[in-house]
Amino acid sequence: MEYKKITKDNFTYHLIKTDRFKEINMVMYLTKEFNKSDIPFINMLIHNLSYSSKKYNSKDKIACISEDLYGLSLTSSFTLTGSCETISFSLEFLNPKYTEEKYLDLSLDYFKEIVLNPNVSNNRFNPEYFNIIKNDLISMINSVKDNPSKFASINYSKLMYDGTPSAYNTLPNIEDLDSVNEENLYSFYKNLFNNKCNVDICILGEVDDDIVEKIHNRVKTIKPTNKKHTFTINHKYKNKVIEQIDALKYNQSKLYIGYRLNDLTYHEKMHVIRVYNTILGTMNNSILFNVVREENSLCYSIGSYVSIYNPSLTIYAGINKDNYDKTIELIKKCVESMSDRKVVSDLFNYAKKTINTFLNNYYDDIVAQIHNYYVGEYEKIEDIETLRENTNNVTVDEVIELNKKISLSTIYMLKGDN
Amino acid sequence: MEKKEFAKVNESVYEYKLNNGIDVYLYNTQKAKNFYISISVKYGANITKYKKGNNIINVIPGSAHFLEHKVMALSENKQISKRIDELGSLANAWTNYRCTNYNIFGSINLKENLILLLDIFYNININDKTVEKEKGIIGEEIDMYKDQINYYMFNQLFNNLFEKSYVKNTVVGERSDIKSITAKSLNQIYNDYYIPNNTFIIICGNFDNEEIINTLNDYMNKLNLKKKELPKRIKEKEKDTVSIAYQEIKKEFEDVRVKYAVKIPRKNFKIKNDTILKYYLGIILRSNFSTSSKLYEKYKNENIVIDMSSYIYIIDDYVIIIINSFCKDSNVFLDNISKDIKKINISLSDFERKKKLYLRSYILNFDNIEDVEYVICDSIVMDNKVNYNEYNDILNLDYKMAQEIIKGLSFDNISIIKTIK
């Protein structure tokens, strides 16, 4: 694998040359500071762009062209990363050596057509499709409640990260969609590409250097800003523990427990918490898995994850509502046990080995590699081998010490009341 | 050991049969730092009754999946579990209607991981105490799936389409089913189906073929498993008609989910190979109901659907086609789809364009070792062999045959399921 970073007209190109994969991936990231009023606009925008374009002016035409290009896929997404919002357009197509050479240019033309030639006339998006997409979005918003895991996770984030961008869902409120119309959406689109966003373009695959020029010629009408952002949020959590239970007609209850991570050093945030979290909730015999699931049969799924940019640790479990108190008590004990030298020592070396296996997987994971180079533009990160070395240098004492910097913040249950 | 080449992609697998009859598939690649190994048994939730000698054995629904939990009982086998942890590996398992698969993903010492996986598979200790304990965990798993509306509706729909088929039961079973499962019932299934001639091993990663085969031979020689006769699966005779034609599910959902299913006798289609038939039907359905179809465009423009998709299943002697819709008004959708489904057709250009999707999917299967393992496993379970010529099979799909297949579609047996407020 060979990596090159190329900057041109404020665009940042990340060229990751590798013959490891049989497809070529290109992701354009537009990054700007979070603004909650952007949420309905971005949602409407990314769906309008992928629904039709000027040249392919209907859904079926767009779909037919992508099939003709051997099932090329162009997806757009909207994510909140710490203090920033990111719009990404991700293009995946077969390495032309499996099809024909012309498919490289045709695929890049398709990208340009969808992203930069919207179905607009008289400075407004096509009204017919605009309304279809608005109705689709309303249905999408309403259907969040139909998925208990998603619904619970959104409600938990609102409580846990109150007052920060992480408290927001990337889907808008239905009433906020009324602020968007065909005209102001087009203005938003034009503004977005005019000195508002950092633009990173990552290309991964068996490609020549000249691909950067080919892409740049197609996207250079975009004017990226050179103002740099960072993702980290300095969130002051409330000291009081927030506890909330909602109820809906599901069979299973979803429990979320949030711990704040207080004043972590860089080493703790990047390396020690990785080992801590693996022991607590991600490895085969994690403490949570063993105590809550295997010893007490209280759940099927249980685990934990860490949010780096809004420093926190979340534990989730699918439980029976009648086991609420018992599960919370056991989870709290599991977290407390992370101060117990014997408990941590027993799993410590195994956790590092598990992390090494996960890190190896980075080389097989296109999305992870692309994302890593993108994040590196905004935050201090390490290449995967440095990360491995620094993680392997973590000590038992550091893991135990880190447990002093963790405090309970939020308990949320979406009670299955069927 | 025989080397087999996959067409077009410059990838190969070595096939080897152990003395006891277990088939081994070695996918040797330098592109991955990790390895993925699995041992599978061609036993899943589709076996509801079987004959062994003169005995007829009824299988409690959910047994295959329950047995998977008890074979992969790492918390009860501390020694194996500890060693897997020491190696930094991740062990997992899954069950479907046709197969149960046990696997390890790791990066250190493939050979030892392989032995650990075999130890998990062969050194079982299923007793009533641990079976009872597992019921709480599996009960939560059952509840979790029931809250997934599409999964739940598909299960209800399969129940309605058939009178006696195995698909009337979910793979995990119901809480009421698993109550009756015992250590004795699980041990019996294990002894009857977890036998060499019903088992296969897949190894994907960077390794020495000879060393792996020697390791397997040594292990199996010590184990000294005898070939056994595979019990005969008893398949209930099914009627061509659907069991229940219409069902409403009450949910507090704003919009409606509808599934419109057609049950067609398998014998309507000349093609014998299920995988090839599914290719043809997939192309035909995508041409008529996916986002690239004129019908999808019409339904969107007329606000008939929010989204629509199609599915194909071949279940014993029947082909099931399902048109899945998320919409505002189920009656409007049903009025339209009941007429439009009878107008299924395909143009040559649509047919050739859709073939490209399958070609892409075939090529990309080789981008990671877990996908390669799954493709090999699925081929063996479905066709009893790996298809190394899949690329050419797709290229050779014939437009005239697609038209013949359309003639075999019949729409007399319909079952509908939808949500209501």
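The coordinates are above.
Residues numbered from 1 in each chain as written. Chains lettered and ligands numbered in written order. Predicted model: local features only at pLDDT ≥ 70, side-chain atom pairs only at ≥ 80, totals over all residues. Heavy atoms only, no water.

1. Things to note about the sheet that holds strand β5 (residues 49-52) of chain B
Residues and elements named next belong to chain B.
So, point 1. One open sheet accounts for 3 strands, arranged β6-β5-β10; its pairing is antiparallel. The open sheet has two free edges, formed respectively by β6 (55-58) and β10 (232-233), since each of these has just one partner strand.
So, point 2. In terms of strand pairing, β5 meets β10 through 2 bridges, oriented antiparallel. When the sheet's bridge partners are listed, Lys-51 is paired in β10 with Lys-232.
So, point 3. Of the strands in this sheet, β5, β6 and β10 are in contact with helix α7 (residues 183-193), which crosses β5 at around 60°. (Pairing = 2+ DSSP bridges. Helix = DSSP H or I, 4+ residues; strand = E, 2+ residues; numbered from the N terminus. Contact = heavy atoms within 4.5 Å. Axes fitted to C-alpha atoms, helices over the stretch in contact; angles between N-to-C directions.)

2. Some words on the interface of chain A and chain B
So, point 1. Each partner contributes to the interface: chain A provides 57 residues, whereas chain B provides 63 residues.
So, point 2. Each partner contributes to the roughly 5,500 Å² buried at the junction of chain A and chain B, and carbon and sulfur atoms together form 50% of this total.
So, point 3. Along the contact surface separating chain A from chain B lie 10 salt bridges.
So, point 4. Among the ionic pairs, Glu-23 of chain A bridges to Arg-360 of chain B, the shortest N-O distance being 3.7 Å.
So, point 5. For the interface between chain A and chain B, the tally reads 38 residue pairs in polar contact (both at pLDDT 80 or more).
So, point 6. Put simply, the parts of the chain that give the side of chain A that touches chain B at least two residues each are α2 (59-68), β5 (84-94), α4 (127-142), α9 (287-295), β11 (299-307), β12 (312-319) and α11 (341-361) of chain A.
So, point 7. In terms of residue count, the dominant contributor to the side of chain A that touches chain B is α11 of chain A (7 residues). (Buried area = accessible area lost by both parts, 1.4 Å probe. Salt bridge = Lys/Arg side-chain N within 4 Å of Asp/Glu carboxyl O. Polar contact = N/O pair within 3.5 Å; in protein donor to acceptor, adjacent residues only side chain to side chain.)

3. Some details on the nonpolar core
So, point 1. The biggest cluster of nonpolar side chains holds 152 residues, and the ones touching the most others in it are Ile-201, Ile-203 and Val-219 of chain A together with Met-308 and Phe-333 of chain B.
So, point 2. Among the elements that take part in this core, helix α9 (residues 274-289) of chain B stands out by supplying 9 residues, more than any other.
So, point 3. Membership of the second largest hydrophobic core comes to 64 residues, among which are Leu-330, Tyr-350, Ile-384 and Leu-387 of chain A. (Core = buried A, V, L, I, M, F, W, Y, C linked by side-chain atoms within 4.5 Å. Buried < 20%, exposed > 50% of the residue type's maximum accessible area, 1.4 Å probe, protein only.)

4. A short note on the side chain of Lys-356 of chain B
So, point 1. Tracing the backbone shows Lys-356 of chain B in helix α12 (residues 348-364).
So, point 2. Among all residues touching Lys-356 of chain B, those that are not within four sequence positions of it are Glu-67, Asp-68, Tyr-70 and Tyr-103 of chain A.

5. Structural notes on the environment of Asp-364 of chain A
Residues and elements named next belong to chain A.
So, point 1. Within the secondary structure layout, Asp-364 lies in the loop between α11 and α12 (366-375).
So, point 2. By relative accessible area, which is 11% here, Asp-364 ends up buried.
So, point 3. A sequence separation of 344 residues divides Asp-364 from Arg-20, and the C-alpha atoms of the two residues are 7.9 Å apart.

6. Points about the pairing of strand β14 (residues 318-327) of chain B
Consecutive side chains of a regular strand alternate in pointing toward one face of the sheet and then the other.
Residues and elements named next belong to chain B.
So, point 1. Counting buried positions along β14 gives 10 out of 10 residues, so the element sits mostly inside the fold.
So, point 2. The pairing of strand β12 (residues 256-265) with β14 spans 10 bridges and is antiparallel. If you follow Val-262 over to β14, its bridge partner there is Ile-321.
So, point 3. Both strand β13 (residues 307-315) and β14 contribute to a ladder of 9 bridges, which runs antiparallel. Residue pairing across strands places Tyr-311 opposite Ile-322, the latter belonging to β14.
So, point 4. Connecting β13 to the antiparallel partner β14 that follows it, the hairpin turn spans 2 residues, and Asp-316 within it adopts a positive phi of roughly 50°.

7. Some points on the sheet that holds β13 of chain B
Residues and elements named next belong to chain B.
So, point 1. Taking strand neighbours across the sheet as the criterion, the 5 strands line up as β11-β15-β12-β14-β13 in an open arrangement whose pairing is mixed. Each having just a single partner strand, β11 (246-250) and β13 make up the two edges of the open sheet. Neighbour to neighbour, the strand axes of the sheet diverge by 15° on average, direction disregarded.

8. A word on the pattern of salt bridges
So, point 1. Applying the stated criterion across every chain yields a total of 65 salt bridges over all chains.
So, point 2. Between Glu-85 of chain A and Lys-32 of chain A there is a salt bridge, and its shortest N-O distance comes to 3.3 Å. One end of the pair, Glu-85 of chain A, is in strand β5; the other, Lys-32 of chain A, is in strand β3 (residues 23-33), and 53 residues separate them in sequence.
So, point 3. Among the residues examined, Glu-85 of chain A registers a relative accessible area of 2% and is labelled buried.
So, point 4. Look at the salt bridges and you will find they share partners, linking Glu-67 of chain A together with Arg-286, Asp-350, Arg-353 and Lys-354 of chain B into a network.

9. Section: unusual backbone geometry
So, point 1. Non-glycine residue Asp-263 of chain A carries a positive phi angle of around 50°.
So, point 2. Among the secondary structure elements, Asp-263 of chain A is positioned in the loop between β10 (253-261) and α8 (266-282).
So, point 3. The class of Asp-263 of chain A is exposed, set by a relative accessible area of 65%.
So, point 4. Here the phi dihedral of Asn-303 of chain B falls at roughly 60°; this positive angle occurs in a residue that is not glycine.
So, point 5. When you line up the elements, Asn-303 of chain B lands in the loop between α10 (294-301) and β13.
So, point 6. Its relative accessible area of 46% is what places Asn-303 of chain B among the partly exposed residues.

10. Looking at the pairing of strand β1 (residues 2-8) of chain A
So, point 1. Sheet analysis places β1 of chain A next to strand β2 (residues 11-17) of chain A, joined by 7 bridges and oriented antiparallel. If you follow Glu-2 of chain A over to β2 of chain A, its bridge partner there is Lys-17 of chain A.

11. As for the packing of helix α3 (residues 102-116) of chain A against helix α7 (residues 210-219) of chain A
Residues and elements named next belong to chain A.
So, point 1. The contact between α3 and α7 brings their axes to 10 Å, and the two run at 30°. With respect to α7, the axis of α3 lies roughly parallel. Between α3 and α7 lies a crossing of right-handed hand. Residue-level contacts link Leu-104, Asp-105, Leu-108, Asp-109, Phe-111, Lys-112 and Leu-116 of α3 to Ile-211, Lys-214, Ile-215, Arg-218 and Val-219 of α7. (Parallel < 35°, antiparallel > 145°, perpendicular 65-115°, else oblique. Left-handed = near helix turned anticlockwise from the far one by under 90°.)

12. Section: the packing of aromatic side chains
The description of an aromatic ring pair rests on the distance of the ring centres and on the angle between the ring planes.
So, point 1. For the structure shown, the criterion picks out 46 aromatic pairs over all chains.
So, point 2. With centroids separated by 6.1 Å and ring planes inclined at 50°, the aromatic side chains of Phe-231 of chain A and Tyr-374 of chain A adopt a geometry described as tilted. With Phe-231 of chain A in the loop between α7 and β9 (242-248) and Tyr-374 of chain A in helix α12, this residue pair connects regions lying 143 residues apart in the sequence.
So, point 3. Classification of Phe-231 of chain A as buried rests on a relative accessible area of 0%.
So, point 4. Put simply, the rings of Tyr-102, Phe-121, Tyr-122, Tyr-190, Tyr-194 and Tyr-219 of chain B pair up and form one aromatic cluster. (Phe/Tyr/Trp six-rings, centres within 6.5 Å; stacked < 30°, edge-to-face > 60°.)

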